[in-house]
Amino acid sequence: MNSASSEVGTDRGTGTTQATTAPRHPPGPKGLPVIGYLLPFLKNPMEAVTQVAREYGGMARIPIRGKYLYLCSDPEMLKELLITHRTKYMKNIRYRHIQALVGQGLLLSEAAEWRRQRVITQPAFKPDTLDAQVGWMGEHTERFLDRWKAHADRGATFDVEPDFNRLAQLLSGRFLLGEPFADIADEFCDIAADVKKHWPAQPRNLIAAFMKPNPKKIALFDAAIERLDKCLLGFVQKHRATDYEGCGVLTRIVRTSREEGNLFDDKSLRDQLSTMFFAGHETSATGLCWIHWALSNHPAVRAKLNAEVATLGGRIPTAEDVHHLQYTQQVIEESLRLHSPIHAISRVAMEDNTVGGFFIPKGQTVVISMYAIHRQDRLYPDAERFDPDRFAPEEVARRHRFAYLPFAAGHRNCIGAAQAMIELKLIVARIAQRYVLTLDPTQKVDPAPGTTMYPRYGMRMKITHAPGQTNNSPAP
Ligand code: HEM
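On a predicted model such as this, the values are computed, not experimentally measured, just so you know.

## Here we look at the side chain of Gln169
Then, in step 1: In this structure, Gln169 sits in helix α9 (residues 160-177).
Then, in step 2: Once you skip the residues sitting within four places of it in the chain, Gln169 turns out to touch Phe181, Cys189, Ala192, Phe277 and His281.

This is the structure:
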């Protein structure tokens, strides 16, 4: 099946050299009248786009409710889109919920305003600044994992997702606001839980897809945002008195913005902190779920990771240790390939242009599905197989940079990528030193599209002590 229109070539969207110079419409499925390809999208958007990319190649055009979505999954075309033609595209920021949550922070701002913010925030993510955080991150993680001792004594089974979420929130809050975050941690994490609870669910059938949003749910969401604003602005105003001494990233961005002669006002600080908190914690938390799911399913990989971690001799990993955990890093990278917490991003064309010889009209949306890109056999042979050896340094050097995009790429790449990798390596290593997490055999596992790609039915795991760990928690 190939729906390329008459003025265009009918070859598949592989991006290979074409005889014709006229831009062509990409091939793609026809779908049903009126709704187009909506049904497969509602059923499972990640699998739907993966199938389209497999069938139609690196650039495909998918009809949905009278419009087209352009799906780009070829590394060279992705490079064109995200680097060469970057000024011709904007982020897709039409959704009121994301706007209300993160405002005009780094994630959603554009052009000169985005550049101004990136210059001011980037120094907080410099490698030596991040390394200096590993000490307190290790202590916080250790205290948190102490809570699991009693579970491990009993060999209990519990859903790890809420715990990973809370741990990631505590680390993110401490990173962004410093030690004083402890004063608002409980309130702030409860508000974050409320924001998540009232976030609109992705429609899964035709009726839901055409229904108007429920005003009661919107009101509850708005109330959570009001509490969030009050809490963050209250923190910012309270710590102004000390010029934000010891307030983590907040201190750095206030001081850098002052040095740049471009001081952030309270609303900008609120937007920046909310952006980084929400962009940074749920991604790490769902990442941790999928990493431990993969470890539970691949005993040989787990044994190799344990052997690497054993070289630390039981100490909480230091910054130097974290950088040396090569195999642990490969396990994480392979898990982020198959289960990228952000499964897709999109860009809107601001003018007519061509990518890989394919015509992208002004106003159209181009979808970049990490899920689909990372599951193409032409980029990753036997792509569905979990194999951390794909991320051995020589393998990475052989692969196209734009074949691996868990943190996106180009000028709008994830500012927190290095921070996230440090955090994930530290937590995965420390858990491996202390515990063994094994998937409950009755647990149904299904990746679901939400703000991140989360395990739809949770992730219940049995916890035991790692061999050689003392079972020394007090009786419950
Ligand atoms: C495993 C963890 C993470 C994943 C998978 C992830 C993924 C991503 C992706 C795919 C984007 C691009 C979004 C787009 O282009 O629409 C992004 C952007 C961003 N991320 Fe992350 N992220 C993670 C952790 C973090 C952390 C820890 C922080 C902050 C502390 C953070 C802050 C941001 C910000 C501010 C942006 C917008 C950057 C810009 O547009 O200049 N992320 N992230």
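## Some details on the sheet that holds strand β1 (residues 59-64)
Then, in step 1: Ordered in space as β1-β2-β8-β5-β3, the five strands form an open sheet in which the pairing is mixed. Across the chains shown, the open sheet's two edge strands, defined by having one partner strand only, are β1 and β3 (89-91). Pairwise comparison of adjacent strand axes, ignoring direction, gives a mean angle of 35° for this sheet.
Then, in step 2: Pairing of β3 with strand β5 (residues 344-349) involves three bridges; the strand directions are antiparallel. Within β5, the residue paired with Tyr89 across the bridge is Ala349.
Then, in step 3: Most of the contacts of helix α2 (residues 45-56) go to β1, to which it runs at about 130°, and overall it touches β1, β2 (67-72) and β8 (365-369).
Then, in step 4: Each of β1, β2, β3, β5 and β8 is contacted by helix α3 (residues 75-84), which is oriented at about 125° to β8, the strand it contacts most.

## As for the sheet that holds strand β9 (residues 435-439)
Then, in step 1: Read from one edge to the other, the open sheet built from three strands follows the order β4-β12-β9, with strand pairing classed as antiparallel. Sheet topology places β4 (157-159) and β9 at the edges, where each strand pairs with a single neighbour. Between one strand and the next, the sheet's axes are offset by a mean angle of 40°, whatever the strand orientation.
Then, in step 2: Of the strands in this sheet, β9 and β12 (460-465) touch helix α20 (residues 417-434), which is tilted by about 100° from β9.

## Things to note about the packing of aromatic side chains
Then, in step 1: The tally for this structure, following the rule as stated, stands at 11 aromatic pairs.
Then, in step 2: Measuring from ring centre to ring centre gives 5.2 Å for Phe277 and Phe278, while their planes differ by 85°; the resulting arrangement is edge-to-face. The same class applies to Phe277 as to Phe278, namely buried.
Then, in step 3: One Lys or Arg, Arg61, reaches over the ring of Tyr68 and ends 3.8 Å from the middle of that ring.
Then, in step 4: Its end group placed over the ring of Tyr371, Arg375 keeps NZ or CZ at 4.1 Å from the ring centre.

## A short note on the nonpolar core
Then, in step 1: Core analysis: the biggest nonpolar cluster contains 119 residues, and Trp148, Phe164, Val195 and Leu250 have the highest contact counts within it.
Then, in step 2: It is helix α14 (residues 266-297) that provides the largest number of residues to this core, a total of 12 residues.
Then, in step 3: Leave out the neighbours within four places in its chain, and Trp148 touches Phe158, Asp163, Phe164, Ile431, Tyr435, Leu437 and Ile463.
Then, in step 4: Counting 18 residues, the second largest nonpolar core, distinct from the first, contains Ala48, Val52, Ala53 and Ala209.

## Section: the coordination of the iron atom of the ligand
Then, in step 1: In this structure the iron atom of the ligand is ligated by exactly one protein donor, Cys414 (SG), at 2.3 Å.
Then, in step 2: Assignment of secondary structure puts Cys414 in the loop between α19 (393-398) and α20.

## Some remarks on the pattern of salt bridges
Then, in step 1: Taken as a whole and assessed by the stated rule, the structure comprises 29 salt bridges.
Then, in step 2: Here Asp194 and Arg227 are joined by a salt bridge, their closest N and O atoms 2.8 Å apart. Remark: Arg227 occurs in helix α12 (residues 215-240) and Asp194 occurs in helix α10 (residues 185-197); sequence separation between them is 33 residues.
Then, in step 3: Relative accessible area serves as the criterion here: at 37%, Arg227 is assigned to the partly exposed category.
Then, in step 4: Note that Arg398 is salt-bridged to Glu395, the shortest N-O span being 2.5 Å.

## Overview of the site of the ligand
Then, in step 1: Around the ligand there are 26 residues in total, and Trp114, Arg118, Arg347, Arg412 and Cys414 lie nearest to it.
Then, in step 2: In the model, an oxygen atom of the ligand is placed 2.7 Å from a nitrogen or oxygen of the Arg118 side chain.
Then, in step 3: Classifying every residue of the shell around the ligand gives 16 nonpolar, six polar and four charged.

## What about the packing of helix α5 (residues 111-121) against helix α13 (residues 248-259)?
Then, in step 1: The contact between α5 and α13 brings their axes to 8 Å, and the two run at 120°. Considering their axes alone, α5 and α13 lie oblique with respect to each other. As α5 runs across α13, the sense of the crossing is right-handed. On α13, the residues that touch Val119, Ile120 and Thr121 of α5 are Ile253, Thr256 and Ser257.
Then, in step 2: Split by residue class, the contact of α5 with α13 holds three nonpolar, three polar and no charged.

Rules and cut-offs
Residues numbered from 1 in each chain as written. Predicted model: local features only at pLDDT ≥ 70, side-chain atom pairs only at ≥ 80, totals over all residues. Heavy atoms only, no water. Helix = DSSP H or I, 4+ residues; strand = E, 2+ residues; numbered from the N terminus. Contact = heavy atoms within 4.5 Å. Pairing = 2+ DSSP bridges. Axes fitted to C-alpha atoms, helices over the stretch in contact; angles between N-to-C directions. Phe/Tyr/Trp six-rings, centres within 6.5 Å; stacked < 30°, edge-to-face > 60°. Buried < 20%, exposed > 50% of the residue type's maximum accessible area, 1.4 Å probe, protein only. Lys NZ or Arg CZ within 6 Å of the ring centre and 35° of its normal. Core = buried A, V, L, I, M, F, W, Y, C linked by side-chain atoms within 4.5 Å. Donors = N, O, S within 2.8 Å, 3.2 Å for Na, K, Ca; no water. Salt bridge = Lys/Arg side-chain N within 4 Å of Asp/Glu carboxyl O. Near = heavy atom within 4 Å. Polar contact = N/O pair within 3.5 Å; in protein donor to acceptor, adjacent residues only side chain to side chain. Nonpolar A, V, L, I, M, F, W, Y, C, P; charged D, E, K, R; others polar. Parallel < 35°, antiparallel > 145°, perpendicular 65-115°, else oblique. Left-handed = near helix turned anticlockwise from the far one by under 90°.

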